[in-house]
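Survey of secondary and tertiary structure
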Amino acid sequence: MGLSLLATLFGLGWLVLILGVLIWEGFNGISVAVFTEMTPPPGSAGGLLNPIAGSLILTVLAVAIGTPIGILAGTYMAEYGRHDRLTTVVRFVNDILLSAPSIVVGLFVYEVMVAPMGHFSGLAGAVALAVIVIPVVVRTTEDMLLLVPNPLREAATALGMPRAVVIRRVCYRAASAGMLTGVLLAIARISGETAPLLFTALNNQFWSLDLDAPMSSLPVVIFQFALSPYSDWQKLAWTGALIITFTVLALSIIARALAAPRKAS
């Protein structure tokens, strides 16, 4: 117990240290201008409006693409093909994708989308992030559906409900909290991804909502500003990192609050 407590304190200590430094360095840069002004040239005042908007667009589009595919694949693996050889192969490939470096995903999407199109684009960035979303959602969906007791399925089937209706009305409802957590884990995973976007969406110093053109994003701007020798850019990089971190934490808290009544019922 003593060793377990020390290990827990050691792990939490690093987390508290990281969050403390992030708040110390980034909180001073929080202002209205950060959310209302574009990224500035060196030595000028500015904000992070265009990368914030770009990150929101890329994340929403990636989740919209990857979540349905992941849920359907996880549903097949848990409900229809639980004992099939295909499920074993899909699970193995999914585990490889789950642990694959994100830069490999970026290079893949670069070859299949950016190179044929001849230019970087926000759509390619969203597809790259969606490829990262899919294995996370597949794994959590399968695991949560496997935890649903079989007597629930059998009782619903005994009432004459078709298998698809049993899955939708019984299994999905029972596993909804875990599936929602999986989607949030996927959002947390892609929120700070930089490498795939460097090969796909690249960056844009100006306001742009065109998915067929390079699009700005917070991770890429943080990467570029943090490596720059300009103190004002470095300050914005810390502020952007703080925004991403607290956005992910807020999503986690909201998900737990929404899942609590369902668990109680």
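Let me begin by describing the structure that accompanies this report.

Rules used in this analysis
Residues numbered from 1 in each chain as written. Predicted model: local features only at pLDDT ≥ 70, side-chain atom pairs only at ≥ 80, totals over all residues. Heavy atoms only, no water. Core = buried A, V, L, I, M, F, W, Y, C linked by side-chain atoms within 4.5 Å. Buried < 20%, exposed > 50% of the residue type's maximum accessible area, 1.4 Å probe, protein only. Helix = DSSP H or I, 4+ residues; strand = E, 2+ residues; numbered from the N terminus. Contact = heavy atoms within 4.5 Å. Axes fitted to C-alpha atoms, helices over the stretch in contact; angles between N-to-C directions. Left-handed = near helix turned anticlockwise from the far one by under 90°. Nonpolar A, V, L, I, M, F, W, Y, C, P; charged D, E, K, R; others polar. Expected span 1.5 Å × (residues − 1). Bend = angle between axes of the 7 residues up to and from the residue. Salt bridge = Lys/Arg side-chain N within 4 Å of Asp/Glu carboxyl O. Patch = residues over 30% accessible without salt bridge, like charges linked within 9 Å, V, L, I, M, F, W, Y side chains within 5 Å. Areas by Shrake-Rupley, 256 points an atom, 1.4 Å probe, with all protein chains shown as cover.

1. Considerations on the nonpolar core
With 25 residues, the main nonpolar core has Leu 58, Val 109, Leu 129, Ile 190 and Leu 197 as its most contacted residues. Mapped by element, the contributors of at least two residues to this core are α3 (49–80), α5 (102–117), α6 (122–146) and α8 (163–191). In terms of residue count, the dominant contributor to this core is α6 (nine residues). Excluding anything up to four places from it in sequence, Val 109 contacts Val 114, Ala 124, Val 127, Ala 128 and Thr 200. Of all hydrophobic cores here, the second largest spans 15 residues; its members include Leu 218, Leu 236, Ala 241 and Leu 242.

2. Things to note about the packing of α3 against α6
Contact geometry of α3 with α6 gives a least axis separation of 6 Å together with a crossing angle of 35 degrees. The element α3 and its partner α6 pack so that their crossing is right-handed. Within the contact of α3 with α6, the residues separate by chemical class into 19 nonpolar, eight polar and two charged.

3. Observations regarding α5
For α5, spanning 16 residues, the distance from its first C-alpha to its last is 21 Å, which sits close to the expected 22 Å at 1.5 Å a residue. At Tyr 110, α5 is bent by approximately 45 degrees, the largest bend along its length. Inspection of α5 places Ser 102, Val 105, Gly 106, Val 109, Met 113 and Val 114 among the buried residues, and these make up the whole buried set. Where α5 is buried, its residues touch α6 and α9 (195–199). Downstream of α5 by a residue or two, Gly 118 has a phi angle that is positive, lying close to 85 degrees.

4. Some points on the side chain of Ser 55
Among the secondary structure elements, Ser 55 is positioned in helix α3. Leaving out residues up to four positions away in the same chain, Ser 55 has contacts with Ser 216, Ser 217, Leu 218 and Pro 219.

5. Some remarks on the pattern of salt bridges
All chains considered together, the criterion is met by five salt bridges. Between Glu 142 and Arg 91 there is a salt bridge, with its nearest N and O atoms 2.5 Å apart. Here Glu 142, found in helix α6, pairs with Arg 91, found in helix α4 (residues 85–99); they are 51 residues apart in sequence, far enough to count as distant. What makes Glu 142 buried here is its relative accessible area of 3%. Residue Glu 193 pairs with Arg 189 through a salt bridge whose shortest N-O separation is 3.3 Å. For Glu 193, a relative accessible area of 12% puts it in the buried group. Sharing partners across several salt bridges, the network here consists of Asp 95, Arg 139 and Asp 143.

6. What about a nonpolar patch on the surface?
A cluster of nonpolar residues, Tyr 76, Tyr 80, Leu 86, Val 89, Phe 92, Val 93, Ile 96 and Leu 97, forms a patch on the protein surface that exposes about 740 Å² of accessible area. Of all the secondary structure elements, the ones that give two or more residues to the nonpolar patch are α3 and α4. It is α4 that contributes the most residues to the nonpolar patch, six residues altogether. If you trace the backbone, Tyr 76 turns up in helix α3. Residue class for Tyr 76 comes out partly exposed when judged on its relative accessible area of 31%.

Note that all results are geometric; they support no functional claim without further evidence.
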